[in-house]
Amino acid sequence: MTKILIVDDEDKIRELIIKYAKHEGFETDQACDGMQAVELCQQKSYDLVVMDIMMPNLDGFSAVKEIKKTKPDLPFILLSALGEEYDRIHGFDVGVDDYVVKPFSSKELMMRIHAILKRTHHQEITSGDTFQVENMIIDYAARTVTIDDKRVQLSPKEYELLIYLVKNLGIALTREQLLQNVWGYDFFGDDRTLDTHIKLLRKNLGEYAKYITTLRGVGYRFEKVNA
């Protein structure tokens with residue numbers, strides 16, 4: 001059975017998420033702060049963590065960073081009343097998969113959880129397959145990106161976004177296509193999530209960011225450019 005850890009210092013929010021999660025067939029554990037979440041993740045295995053940001057003892061950002069040291073592929077959804085772009089960028093930068101601003105719809109949260117679990121449980125990557133452009137190599141089996149023989153540190157979502165762009169080389173992808181295929185659901189509301197990830201991905205790719213072209217009013221495209 002799929003097991004989810006719910007982390008929030010507010011009892012009512014934990015109880016609400018657990019109620020909906022159990023209705024969806026998930027097994028749940030709960031923690032009231034980041035420190036307890038880190039301890040539980042060291043002791044048990046989870047398929048996904050829903051994590052609040054502003055908590056006593058250890059905040060959500062710090063807890064995610066600590067847990068990622070030993071479980072880098074564990075997916076996270078951050079919950080917070082913080083809605084500024086900096087907070088979103090910081091959350092994605094530490095490796096979270098999604099970001100939900102309070103107050104939120106419990107049904108929407110469950111839909112996002114299902115979407116992330118579907119991606120993590122059903123990888124469509126061919127073992128041993130690679131993609132190379134100049135000195136950038138993507139190893140699909142190892143889920144790694146190297147530039148000039150140096151490993152590029154990408155968050156799981158940045159990696160998935162890059163892979164989708166690469167596998168549609170030369171094709172103009174709309175914002176809606178990217179959100180639906182990379183995030184796994186019909187995204188509604190604020191779509192700055194996509195722009196934030198593109199910004200972070202370009203930053204991490206350095207000079208290779210030139211291959212990601214912005215199509216104003218449409219979306220993005222990965223294409224080979226003239227040197």
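Everything in this summary refers to the structure shown in the same document. (Residues numbered from 1 in each chain as written. Predicted model: local features only at pLDDT ≥ 70, side-chain atom pairs only at ≥ 80, totals over all residues. Heavy atoms only, no water.)

1. Examining the overall build of the chain
Working step 1: Broken down by element type, the chain carries eight helices and 12 strands.
Working step 2: Put simply, the chain has 227 residues, and 51% of those count as buried.
Working step 3: Taking the intrachain contacts of the chain between residues at least 6 apart in sequence as the baseline, contacts between residues at least 24 apart amount to 57%.
Working step 4: Working note: accessible area of the chain is about 11500 Å², and carbon and sulfur atoms make up 47% of it. (Helix = DSSP H or I, 4+ residues; strand = E, 2+ residues; numbered from the N terminus. Buried < 20%, exposed > 50% of the residue type's maximum accessible area, 1.4 Å probe, protein only. Contact = heavy atoms within 4.5 Å. Areas by Shrake-Rupley, 256 points an atom, 1.4 Å probe, with all protein chains shown as cover.)

2. Digging into the pattern of salt bridges
Working step 1: Applying the stated criterion across every chain yields a total of 14 salt bridges.
Working step 2: One salt bridge connects Lys102 with Glu10, and the closest N-O pair in it is separated by 3.9 Å. One end of the pair, Lys102, is in the loop between β5 (98–101) and α5 (106–121); the other, Glu10, is in the loop between β1 (3–7) and α1 (11–23), and 92 residues separate them in sequence.
Working step 3: We note a salt bridge from Arg112 to Glu108, for which the minimum N-O separation is 2.3 Å. Of this pair, Arg112 and Glu108 both sit in helix α5, four residues apart, roughly one helical turn.
Working step 4: With a relative accessible area of 5%, Arg112 lands in the buried category.
Working step 5: Overall, Glu108 belongs to the buried group, its relative accessible area being 15%. (Salt bridge = Lys/Arg side-chain N within 4 Å of Asp/Glu carboxyl O.)

3. Remarks on the packing of helix α7 (residues 175–183) against helix α8 (residues 192–205)
Between two packed helices, what matters for the description is the angle formed by their axes and the separation of those axes.
Working step 1: For the pair α7 and α8, the least separation of the axes is 10 Å and the interaxial angle reads 80°. When the interaxial angle is binned, α7 and α8 end up roughly perpendicular. On the side of α7, the interface is formed by Arg175, Leu178, Leu179 and Trp183, while α8 contributes Thr193, Leu194, Asp195 and His197.
Working step 2: A breakdown of the residues in the contact of α7 with α8 according to their chemical character gives four nonpolar, two polar and two charged. (Axes fitted to C-alpha atoms, helices over the stretch in contact; angles between N-to-C directions. Parallel < 35°, antiparallel > 145°, perpendicular 65-115°, else oblique. Nonpolar A, V, L, I, M, F, W, Y, C, P; charged D, E, K, R; others polar.)

4. Some thoughts on the nonpolar core
Working step 1: Ranked by size, the top nonpolar core spans 30 residues in total, and within it Ile138, Leu162, Leu165 and Phe222 carry the most contacts.
Working step 2: Contributions of two or more residues to this core are made by β6 (130–133), β7 (136–139), β8 (144–147), α6 (156–166), α7, α8 and β12 (219–222).
Working step 3: It is α6 that provides the largest number of residues to this core, a total of seven residues.
Working step 4: Ile138 has contacts with Asp129, Thr130, Phe131, Thr144, Val145, Tyr159, Leu162, Ile163 and Val166, leaving out every residue within four places of it along the chain.
Working step 5: One finds Phe61, Leu78, Val94 and Tyr99 within the second-largest nonpolar core, a separate group that totals 25 residues. (Core = buried A, V, L, I, M, F, W, Y, C linked by side-chain atoms within 4.5 Å.)

5. Notes on the sheet that holds β6
Working step 1: Reading across from one edge, β6-β7-β8-β9 is the order of the four strands in this open sheet, with antiparallel pairing throughout. The open sheet is flanked by β6 and β9 (150–151), the only strands paired with a single partner.
Working step 2: Along the sheet face, α6 touches β6, β7 and β8 and points at about 105° away from the line of β7. (Pairing = 2+ DSSP bridges.)

6. Description of the environment of Asn168
Working step 1: Within the secondary structure layout, Asn168 lies in the loop between α6 and β10 (173–174).
Working step 2: With 53 residues separating them along the chain, Asn168 and Arg221 place their C-alpha atoms 8.0 Å apart.
Working step 3: There is a polar contact of 2.8 Å between the side chain of Asn168 and the backbone oxygen of Tyr164. (Polar contact = N/O pair within 3.5 Å; in protein donor to acceptor, adjacent residues only side chain to side chain.)

7. A short note on helix α3 (residues 60–68)
Working step 1: All buried positions along α3 are accounted for by Gly60, Phe61, Ala63, Val64, Ile67 and Lys68. Along the long axis of α3, the arc covered by the buried residues comes to 165°, so they all point the same way.
Working step 2: At the N-terminal boundary of α3, the capping side chain belongs to Asp59, with an oxygen 3.0 Å from the backbone nitrogen of Phe61. (Arc of directions from axis to C-beta.)

8. Remarks on the pairing of β1
Working step 1: For β1, the buried fraction is high: five of the five residues fall into the buried class.
Working step 2: Of the two faces of β1, the one carrying Lys3, Leu5 and Val7 and the one carrying Ile4 and Ile6 are both buried.
Working step 3: Alignment of β1 against strand β2 (residues 27–31), held across five bridges, turns out to be parallel. Note that in β2 the partner of Lys3 across the bridge is Glu27.
Working step 4: Running through α1, the crossover from β1 to the neighbouring parallel element β2 is right-handed. (Right-handed = clockwise from strand over helix to strand, strands pointing away.)

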